[in-house]
Amino acid sequence: MAVLLRLPAIPFPLRNSSLHSSKGMRMAVNTHKNTNISFSTTTGKLPILLFDIMDTIVRDPFYHDIPAFFRMPFEELIESKHPTAWIEFEKGLIDEVELARKFFKDGRPLDLEGLKNCMREGYSYIDGVEELLHVLKHNNYEMHAFTNYPIWYEMIEDKLKLSKYLSWTFCSCINGKRKPDPEFFWEVVRHLKVDPASCIFIDDRKKNAEAAKEIGILGLHFTNVDALRQDLSSMGIDISADQTNLAQE
């Protein structure tokens, strides 16, 4: 089930448009723990929901489909691939042509288009997640992708249309950083101009949820949608649905 890694502060802090540096953010968080602080407000609804994508919203083909594509066990694939090429691709440091050139340590050729087609075919929503996103969107929650993924996130968008529900705001290939780098988290709260505790971050990797907790973001370790619904509801997030209105959207 989803595991709450930091108890929520209710009500959630308001948007703070005066925080710009990570140092300023840290001071605000520490002060907020001990005193009552007034924040400048906007009409945005809080908390803001930050979603990891792979294996949180979208099935990741890497663990099953890709080894089958290469006709090798997963362990052999891990041993054969270049140790940093995919990470460089995720951070936008290399393009897909360079990825294909260095994907395997021994320099064997890579069928790039075949690999992309395999990835594309493997993308699908995690069971029940799209319905939850629909409800959250209907209830006016602001949602953003916060993901370690290369430019191929565009293939996910083309197939599944995640932008119906959230914005592809924080992608490692655009920002040049990867979770659990703390600076990536600080970049998120600087961009959103909110107190960290005004954000809830959901990720299937526990270490990323714990990294969020370290800077004051509320971290949820995702395991399945039912547990996530329960945890969000316990934090005061409205996941109720007017079925008539939802059907008309």
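Residues numbered from 1 in each chain as written. Predicted model: local features only at pLDDT ≥ 70, side-chain atom pairs only at ≥ 80, totals over all residues. Heavy atoms only, no water.

Student: Sorry, what's going on with the nonpolar core here?
Tutor: Nonpolar side chains in soluble globular proteins tend to be buried together. Counting 54 residues, the largest nonpolar core has F51, I57, Y123, L136, W152, I156 and L162 as the members making the most contacts within it. Leave out the neighbours within four places in its chain, and W152 touches W86, F89, E96, L99, L112, L115, K116, M119 and Y123. Of all hydrophobic cores here, the second largest spans 18 residues; its members include F185, W186, V189 and L192. (Core = buried A, V, L, I, M, F, W, Y, C linked by side-chain atoms within 4.5 Å. Buried < 20%, exposed > 50% of the residue type's maximum accessible area, 1.4 Å probe, protein only. Contact = heavy atoms within 4.5 Å.)

Student: Would you explain the side chain of T169 in this entry?
Tutor: As for its position among the elements, T169 is in strand β4 (residues 167-171). Owing to a relative accessible area of 17%, T169 belongs among the buried residues under this scheme. One polar contact links T169 to H144, side chain to side chain, over a distance of 2.6 Å. Within the local environment of T169, its side chain forms a polar contact with the side chain of S167, the two groups lying 2.7 Å apart. Residues contacting T169, with those up to four places away along its chain left out, are H144, A145, N175 and H191. (Helix = DSSP H or I, 4+ residues; strand = E, 2+ residues; numbered from the N terminus. Polar contact = N/O pair within 3.5 Å; in protein donor to acceptor, adjacent residues only side chain to side chain.)

Student: Explanation requested: the pairing of strand β2 (residues 48-51) in the structure shown.
Tutor: Every regular strand shows the same layout, with side chains that alternate between the two sheet faces. By the alternation rule, side chains of β2 split into I48 and L50 and L49 and F51, which are all buried. Note that β2 and strand β5 (residues 199-203) share four bridges and pair parallel. Along β5, the bridge assignment pairs F51 with I202. With three bridges joining them, β2 and strand β3 (residues 143-147) adopt parallel strand pairing. Bridging across to β3, L49 finds its partner in M143. (Pairing = 2+ DSSP bridges.)

Student: I tried to follow helix α12 (residues 225-234) on my own but got confused; where do I start?
Tutor: Every α-helical turn comprises 3.6 residues, leaving residues that sit three or four positions apart pointing alike. Taken as a whole, α12 has its buried residues at V225, A227, L228, D231 and L232. In a view along the axis of α12, the buried residues occupy a sector of 155°, so they form one face of it. Of the exposed residues in α12, those oriented more than 90 degrees away from the buried face are D226, Q230 and S234. Measuring from the side-chain oxygen of the N-cap residue of α12 to the backbone nitrogen of D226 gives 3.2 Å; that N-cap residue is N224. Taken from the residues just after α12, G236 is the one with a positive phi, measuring 90°. (Arc of directions from axis to C-beta.)

Student: Help me understand unusual backbone geometry, please; the structure alone is not making it clear to me.
Tutor: Across residues other than glycine, the phi torsion is negative in most instances, and most of the peptide bonds are trans. At the junction of L46 and P47, the peptide bond is cis and its omega measures out at 0° in the coordinates. Looking at where P47 falls in the secondary structure, it is placed in the loop between α1 (22-34) and β2. Geometrically, the link from K179 to P180 is a cis peptide bond, its omega value of 10° lying close to zero. Residue position: P180 is located in the loop between α9 (172-175) and α10 (182-192). For R71, which is not glycine, the phi dihedral falls at a positive 55°. In this structure, R71 sits in the loop between α2 (65-70) and α3 (74-80). Overall, the relative accessible area of 77% leaves R71 in the exposed class. The backbone phi angle of N140 is positive, close to 70°, even though this residue is not glycine. Within the fold, N140 resides in the loop between α7 (129-138) and β3. Here N140 falls in the exposed class, since its relative accessible area comes to 58%.

Student: Explain the environment of W86 to me, please; I cannot follow it from the model alone.
Tutor: Examined against the element boundaries, W86 turns out to sit in helix α4 (residues 85-90). Beyond its immediate stretch of four places on either side in the chain, W86 contacts L99, M119, Y149, P150 and W152.

Student: Could you clarify how one ought to interpret the pairing of β4 in this entry?
Tutor: Counting buried positions along β4 yields four of five residues, so the element is predominantly enclosed. For β3 and β4, the ladder comprises three bridges, and the chain directions are parallel. Following the sheet pairing, F146 is matched in β4 by F170. Handedness of the β-α-β unit built from β3, helix α8 (residues 153-160) and β4 comes out right-handed. (Right-handed = clockwise from strand over helix to strand, strands pointing away.)

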